[in-house]
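# Coordinate analysis (summary)
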Amino acid sequence: MSNLKLALIFLAIFNSCEFNFNDPKTQINQELSWSNQDEYPSTSDCDLLTEKTERIDCLKKYLIESISKNFDSTNFSLQNNIVDTIILTLIVDKQGAIKLYEFEKINDSYFDTDFRNKISDIINNMSSIIPANKTNLGLSVTSKFKLPIIINLKMKFGSLNLE
C-alpha cells in the first residue's frame with residue numbers, strides 16, 4: 001500500500017511539473033545561440049578570406065580605415081593634442097547598415113560633443129556591409145560588437161591617426 005501511495009505522489013509531482021521537453025521556446029533558444037559555424041558581419045573583400053579570425057581582423061581594419069579617411073576629409077580643429085583610446089560599440093542590422101550604439105572613452109581625454117557627433121555621423125553614413133548570418137537558420141541577424149580605436153589627434157585641422 002505504501003508503494004502505491006509513493007507511486008501516486010510521484011505521478012502527481014511529475015504531472016504538475018511544467019517543463020516540456022518538446023517546448024518550441026527551448027528549441028528556439030538553442031537555435032539562436034551563436035555557434036562556430038555562424039558568420040560575423042563582413043565586407044565583400046573580407047568575405048573572400050577563409051579563416052574566421054582573418055575575416056574579423058579584415059572587418060576591423062576596414063572600419064578603422066573608413067573612419068580615418070572620412071574624418072581626414074573634414075575640417076575639424078582641436079584645442080589640444082589628443083592621444084587616447086576610445087571604444088565604439090557598433091550595431092550592424094539585418095540589412096548591413098552600421099550604426100554607432102555607444103561611444104566610450106578609456107582615459108580622461110576631453111572629447112567634446114562635436115568630436116562625438118563627427119564620429120557618429122561618419123559611422124552612421126558608412127556603406128552597408130554584409131550582415132551577420134545564422135547559418136543553421138539561413139537568416140541575416142543584427143549584431144553588436146566593440147571596436148577599440150587608438151586616437152592620435154594633433155592640434156590643427158584634420159589628420160586623425162587611428163590604430
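As shown above, the structure is provided for reference.
Residues numbered from 1 in each chain as written. Predicted model: local features only at pLDDT ≥ 70, side-chain atom pairs only at ≥ 80, totals over all residues. Heavy atoms only, no water.

### Quick look at the overall build of the chain
The helix and strand tally for the chain stands at four helices and six strands. Counting helices and strands in the order they occur from the N terminus, the chain gives α-α-α-β-β-α-β-β-β-β. Counting over 163 residues, the chain shows a buried share of 31%. At a minimum sequence separation of 6, the contacts of the chain that also span at least 24 residues come to 68%. Of the roughly 11100 Å² that the chain leaves accessible, carbon and sulfur atoms contribute 52%. (Helix = DSSP H or I, 4+ residues; strand = E, 2+ residues; numbered from the N terminus. Buried < 20%, exposed > 50% of the residue type's maximum accessible area, 1.4 Å probe, protein only. Contact = heavy atoms within 4.5 Å. Areas by Shrake-Rupley, 256 points an atom, 1.4 Å probe, with all protein chains shown as cover.)

### Concerning the side chain of Thr43
With respect to the secondary-structure elements, Thr43 resides in the loop between α2 (24–32) and α3 (52–72). Residue classification places Thr43 among the buried residues on the basis of a relative accessible area of 9%. Sequence-distant contacts of Thr43, defined by excluding residues within four places in its chain, comprise Leu59, Tyr62, Ile129 and Ile130.

### Some remarks on the side chain of Ser143
Relative to the elements of secondary structure, Ser143 occurs in strand β5 (residues 143–153). A relative accessible area of 12% places Ser143 in the buried class. Those residues within four positions of Ser143 in sequence are excluded, and the remaining contacts are Pro41, Leu90, Ile91, Val92 and Ala132.

### Comments concerning the pairing of strand β1 (residues 82–92)
β1 sits mainly inside the fold: eight of its 11 residues count as buried. In the sheet, β1 pairs with strand β2 (residues 98–105) via seven bridges, with the strands oriented antiparallel. Following the sheet pairing, Ile86 is matched in β2 by Lys105. Taking the residues between adjacent antiparallel strands as the criterion, β1 and β2 are bridged by five residues, where Gly96 takes a positive phi near 95°. (Pairing = 2+ DSSP bridges.)

### Looking at the environment of Arg55
Tracing the sequence through the fold places Arg55 in helix α3. Once residues lying within four places of it in the same chain are set aside, the contact partners of Arg55 are Glu39, Cys46, Asp47, Leu49 and Thr50.

### Some details on the state of the cysteines
This structure, assessed with the given rule, holds one disulfide. Linked covalently through their sulfurs, Cys46 and Cys58 form a disulfide whose S-S length is 2.0 Å. Measuring the twist about the S-S bond at about -75°, one finds the Cys46-Cys58 disulfide to be left-handed. With Cys46 in the loop between α2 and α3 and Cys58 in helix α3, the pair connects residues that are 12 residues apart, well separated along the chain. (Disulfide = S-S within 2.5 Å.)

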